[in-house]
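# Structural characterization, general
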Amino acid sequence: MSGVAVRLKGRVGPVALNVAFEAPAVGITALTGPSGSGKTSLVRAIAGLLRLEGEVRVGGAVWQDGRTFVPTHRRALGYVFQEASLLPHLSVRENLIYGARRSGGVDPATLDETVALLRLEPLLARGVGALSGGERQRVALGRALLARPRLLLMDEPLSSLDAAAKAEILPYLESLHRSLALPVIYVSHARDEIDRLADRVLMLRDGHVEPAGRPDAEARLATLGGPERDRLALAALRAGLDPDA
Amino acid sequence: MLDVIWTTVRLAAVTTILLLVLATPLAWWLARRRTWWKEIVAAVASLPIVLPPTVLGFYLLLLLAPQSPLMALLHPFGVRTLAFTFEGLVIGSMVYSLPFAVQPIRAAFEAMGERPMEVAATLRATPLDAFVSIALPMARRGFLGAAILVFAHTVGEFGVVLMIGGSVPGKTEVVSTRIYQLVESLQFGEAHKLAAGLIAFAFAVMLAMMLIERTGSRRT
């Protein structure tokens, strides 16, 4: 299995998580659920920032099972936090290449591509203190992508932004969605984000994860055509859902 | 007079450098660990603020004297005693100023929060790499504050250096103990020169601290 397989169990504060799901090797899997349901904890555990019992496999690599626990810094992941969490003592450019330098070196072509995709060119030389919320999150996204991830984790990346900044960054996420050959787990409870971005939806409730994608997928399939529809159908099939059911 | 100033500056500089190196891991541990007994360690490390320098000096003197267990460990290296030596003064000053190094650095590490280190880990930085490339630069104001405090506190100490240094001219005599001796022997003119110099120095230090505080609060 070349996608993502997660089986995690453990107690985090008041929440008892007992979660098992798989995600295809390409596409955005939205993880939603009521606040306090443990979405952030689950994503942190997948990243190894939080230690739960169980298994995490990404693209054939074991990040965690009964015997091994690969520390976060040796997991090939990209993580976009709710707050951009840029490193305040570094410039935008230094923030962008921090992970790239530690995961095989900075490839100028990839850097240029990412900078172009996220329109970061005019910001590169600046410090991070003066950036707007939307700009900060774009830098955080670019930084995560440049770290050569095999799995991209995004924990409510838009929820700390105002409506304008959100509207500014959503198109970037959509174009990313089209160009990225990478599994993405996208935590959100915002309906519009999920509708626009997700290939499939998982619902975290009472500590369990269950597929919740069917109505959404159906609705989207009905409005789409061509390759977009095929891609969605494929993603749904991979997820074990029948889009025509 | 110059030799006394030189001894003082040398003592303060050596103490500052060694203490910053020593206090950094302790401050990091205190800032990051969540064990109930870490505050006991923190309290022990803060004792020199409360204890009279004579108490500290007395026990340090016993520790550095030829019969002490510590010195017994050093005998094979040809060291019999560190009492009344410059090295002994450095050790005493480090103990005496420990809280002034640990607390600003600890506060700076705590103000940083846990997120930057987590970000570093998600960007493949090993813990040591993250500490050097993120924690140290982010806490730089804490280090600057600690360095100024330790240096100034060492220049200003009297009781400990007198107890374990004995104010041996040319060796362990520093500005503060020289002033004491000058006053004892009624050489008020000489005493004035050194005392006024220390006041100017103290003012400069306090001004520097205030300016660091202000630039810091403006930036965050």
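The paragraphs below set out a description of the structure included in this document.

Rules used in this analysis
Residues numbered from 1 in each chain as written. Chains lettered and ligands numbered in written order. Predicted model: local features only at pLDDT ≥ 70, side-chain atom pairs only at ≥ 80, totals over all residues. Helix = DSSP H or I, 4+ residues; strand = E, 2+ residues; numbered from the N terminus. Buried ≥ 20, exposed ≤ 12 C-beta atoms within 10 Å, placed from the backbone. Contact = placed C-beta atoms within 7 Å. Nonpolar A, V, L, I, M, F, W, Y, C, P; charged D, E, K, R; others polar. Pairing = 2+ DSSP bridges. Axes fitted to C-alpha atoms, helices over the stretch in contact; angles between N-to-C directions. Parallel < 35°, antiparallel > 145°, perpendicular 65-115°, else oblique. Left-handed = near helix turned anticlockwise from the far one by under 90°. Core = buried A, V, L, I, M, F, W, Y, C linked by C-beta atoms within 7 Å.

Next up on the list: the overall build of chain A. For chain A, the count of helices and strands is eight helices and ten strands. Looking at chain A as a whole, 42% of its 245 residues qualify as buried. Pairs at least 24 apart in sequence give 70% of the contacts found in chain A among residues at least 6 apart.

Below, the discussion takes up the interface of chain B and chain A. The partner chain A presents 16 residues to the 13 residues of chain B that form the contact. Looking at the side of chain B that touches chain A, the elements that each hand over two or more residues are helix 6 (115–122) and helix 7 (127–138) of chain B. Tallied by class, the residues present in the side of chain B that touches chain A amount to eight nonpolar, two polar and three charged.

Residues and elements named next belong to chain A. Pairing is mixed across the open sheet formed by six strands, whose spatial order is 6-7-8-3-9-10. Pairing within the sheet leaves two strands with one partner each, and these edge strands are strand 6 (77–80) and strand 10 (208–211). Neighbour-to-neighbour, the strand axes of this sheet turn through a mean angle of 20 degrees, independent of strand direction. Each of strand 6 and strand 7 (151–155) touches helix 4 (residues 133–146); the most contacted strand, strand 6, lies at about 170 degrees to it.

This brings us to the packing of helix 2 (residues 38–50) of chain B against helix 5 (residues 86–112) of chain B. All names here are of chain B. Put simply, helix 2 and helix 5 touch, their axes get as near as 7 Å, and they point 115 degrees apart. The angle between helix 2 and helix 5 falls in the class roughly perpendicular. Considering how the two elements wind past one another, helix 2 and helix 5 form a crossing that is left-handed. Mapping the contact onto sequence places Ala 45, Ser 46, Pro 48 and Ile 49 in helix 2 and Val 95, Tyr 96, Leu 98, Pro 99 and Val 102 in helix 5.

For Phe 58 of chain B, the location among the structural elements is in helix 3 (residues 53–64). Residues Phe 58 of chain B and Leu 20 of chain B, spaced 38 residues apart in sequence, show a C-alpha to C-alpha distance of 25 Å.

What follows covers the pairing of strand 3 (residues 27–32) of chain A. Remember that side chains alternate between the two faces of the sheet whenever the strand is regular. Residue and element names in this part refer to chain A. Counting buried positions over the six residues of strand 3 gives six, a clear majority of the element. Here strand 3 shows two buried faces, one formed by Gly 27, Thr 29 and Leu 31 and the other by Ile 28, Ala 30 and Thr 32. Here strand 3 runs beside strand 8 (residues 183–187); their pairing, made up of five bridges, is parallel. Following the sheet pairing, Ile 28 is matched in strand 8 by Val 184. As paired elements, strand 3 and strand 9 (residues 200–205) share four bridges and run parallel to each other. Within strand 9, the position partnered with Thr 29 by the bridge is Arg 200.

With that settled, consider the nonpolar core. Core analysis: the biggest nonpolar cluster contains 112 residues, and Leu 153 and Tyr 186 of chain A have the highest contact counts within it. Ranked by the residues each element gives to this core, the list is headed by helix 5 of chain B, at eleven residues. Ignoring anything within four residues of it in the chain, the contact list for Tyr 186 of chain A reads Ile 28, Thr 29, Ala 30, Leu 31, Met 154, Leu 197 and Ala 198 of chain A.

For the rest of this paragraph, the subject is the sheet that holds strand 4 (residues 53–58) of chain A. All names here are of chain A. Sheet architecture is open: four strands sit in the order 2-1-4-5, paired in antiparallel fashion. What marks the edges here is a single partner per strand, and that holds for strand 2 (15–23) and strand 5 (61–64). Going across the sheet, the axis of each strand differs from the next one's by a mean of 20 degrees, ignoring polarity. Note that strand 1 (residues 4–12) and strand 4 share six bridges and pair antiparallel. Pairing of Ala 5 across the sheet is with Arg 57, part of strand 4.

Here the focus is the environment of Ala 140 of chain A. All names here are of chain A. Along the chain, Ala 140 turns up in helix 4. Using a count of 26 C-beta atoms within 10 Å as the deciding quantity, one classes Ala 140 as buried. Each C-alpha atom, one on Ala 140 and one on Leu 182, is 17 Å from the other, the two residues being 42 residues apart in sequence.

From the geometry alone we can't say anything about function, so treat these as descriptive.
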